[in-house]
Amino acid sequence: MKIIDKIDKMKTHARIIKKGNKLLGFVPTMGYLHEGHLSLIRAARKQSDVVTVSIFVNPIQFGQNEDYKKYPRDMQRDEELLKNYGVDILFYPEKKDMYPADFSTYVNVEKLTDGLCGKSRVGHFRGVTTVLVKLFEIIKPDIAYFGQKDAQQAFVIKKMIKDLNMDITMKILPTVREADGLAMSSRNTYLTGTLRKDAGLLNRSLILAADLVRSGEKDAKKIIKSIKDFLLASPNIKIDYIAITDTKELRDIAVVRGETLVAVSAFVGKTRLIDNVIINEKKAQENWKYDGLLSGRQAV
Ligand code: PAF
């Protein structure tokens, strides 16, 4: 595995790969890798000739009171994992090179970033899209891989790729979960004891929502109230938002019809977690199938 920390060197390398007509798969990460990342890397390994993974804890996507400084980092462990997974290039640029003192250009996807996480983490998606435009420009991937866990992020990036006519195929892979359904996240490391146990309730609240839709409930307000009551039964949970939206513009909907996103964000203790499920209301009636949820009935 080649380890590259300089932007110019990465660009030169990308140019050489392109000349060889090789398909370049790219998995952008902030490190502290878990099974969710590894599932993306496995897919990239299968579907492309050269796999590049970036590790960069991107300061501009964190709010002032967020966890940029304490975000978990373990470069040695990550390097080892990436080697074992057959990654070709690890790119880990430095903050001073990505954002020199005079940096002043940002990329912002409008509208799609107004609600959900965009509302509670103002400026977050502007940071994500800006760093991705830079990484795409440096690495020149043909295919880029993201997880469904960050549903709004995936929608926003897809729109950016389309709006900016980027020659990149985006692949979105299902959320990988712990045994109790908790969506894998580097931030899960902040959770111990009861907090870790209660974190599993987010997944269960989405199962509850999907169950309600399956049994014919279409009133979004009622479904949201059921999720809220379920989560607030734990004194450790503080809800950030519960949203039921369409899957095109991420607008709140009153009545569940066709493909619908149910997204939850909550603080478990001090740790903010997110999770979501896309329910196809029509399919739910027919064959009890939710994408990406771990359920007691396991019909995914
Ligand atoms: O999903 C993440 O880990 C980050 O938002 C990303 C896409 C690597 C950009 O910093």
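It should be noted that the structure appears before, not after, this text.
Residues numbered from 1 in each chain as written. Predicted model: local features only at pLDDT ≥ 70, side-chain atom pairs only at ≥ 80, totals over all residues. Heavy atoms only, no water.

## Things to note about the side chain of R121
Stage number 1. Note that R121 resides in the loop between α5 (116–120) and α6 (124–139).
Stage number 2. Here E66 takes part through its side chain, which lies 2.5 Å from a polar atom of the side chain of R121.
Stage number 3. What R121 contacts, discounting residues up to four positions off in sequence, is Q61, F62, E66, R187 and R272. (Helix = DSSP H or I, 4+ residues; strand = E, 2+ residues; numbered from the N terminus. Polar contact = N/O pair within 3.5 Å; in protein donor to acceptor, adjacent residues only side chain to side chain. Contact = heavy atoms within 4.5 Å.)

## Some details on the site of the ligand
Stage number 1. P28, T29, M30, N58, Q61, V128, V131 and Q153 make up every residue found near the ligand.
Stage number 2. In this structure, an oxygen atom belonging to the ligand sits 2.6 Å away from a side-chain N or O atom of Q61.
Stage number 3. Taking Q153, its side chain carries an N or O atom lying 2.8 Å from an oxygen atom of the ligand.
Stage number 4. Broken down by secondary-structure element, the contributors of at least two residues to the shell around the ligand are β2 (24–29) and α6.
Stage number 5. Classifying every residue of the shell around the ligand gives 4 nonpolar, 4 polar and no charged. (Near = heavy atom within 4 Å. Nonpolar A, V, L, I, M, F, W, Y, C, P; charged D, E, K, R; others polar.)

## Here we look at the sheet that holds strand β8 (residues 259–268)
Stage number 1. In spatial order, the strands read β7-β8-β9; together these 3 strands make up an open sheet with antiparallel pairing. With partners counted over all chains shown, the strands left at the sheet margins are β7 (237–246) and β9 (271–280), one partner each. Strand-to-strand, the axes of this sheet are offset by a mean angle of 15°, without reference to chain direction.
Stage number 2. Here 9 bridges tie β7 to β8, and the two strands are oriented antiparallel to one another. Paired with I239 across the strands is A266, a residue of β8.
Stage number 3. Here helix α9 (residues 201–214) sits on the sheet and contacts β7, β8 and β9; the angle it forms with β9, its principal contact strand, is near 25°. (Pairing = 2+ DSSP bridges. Axes fitted to C-alpha atoms, helices over the stretch in contact; angles between N-to-C directions.)

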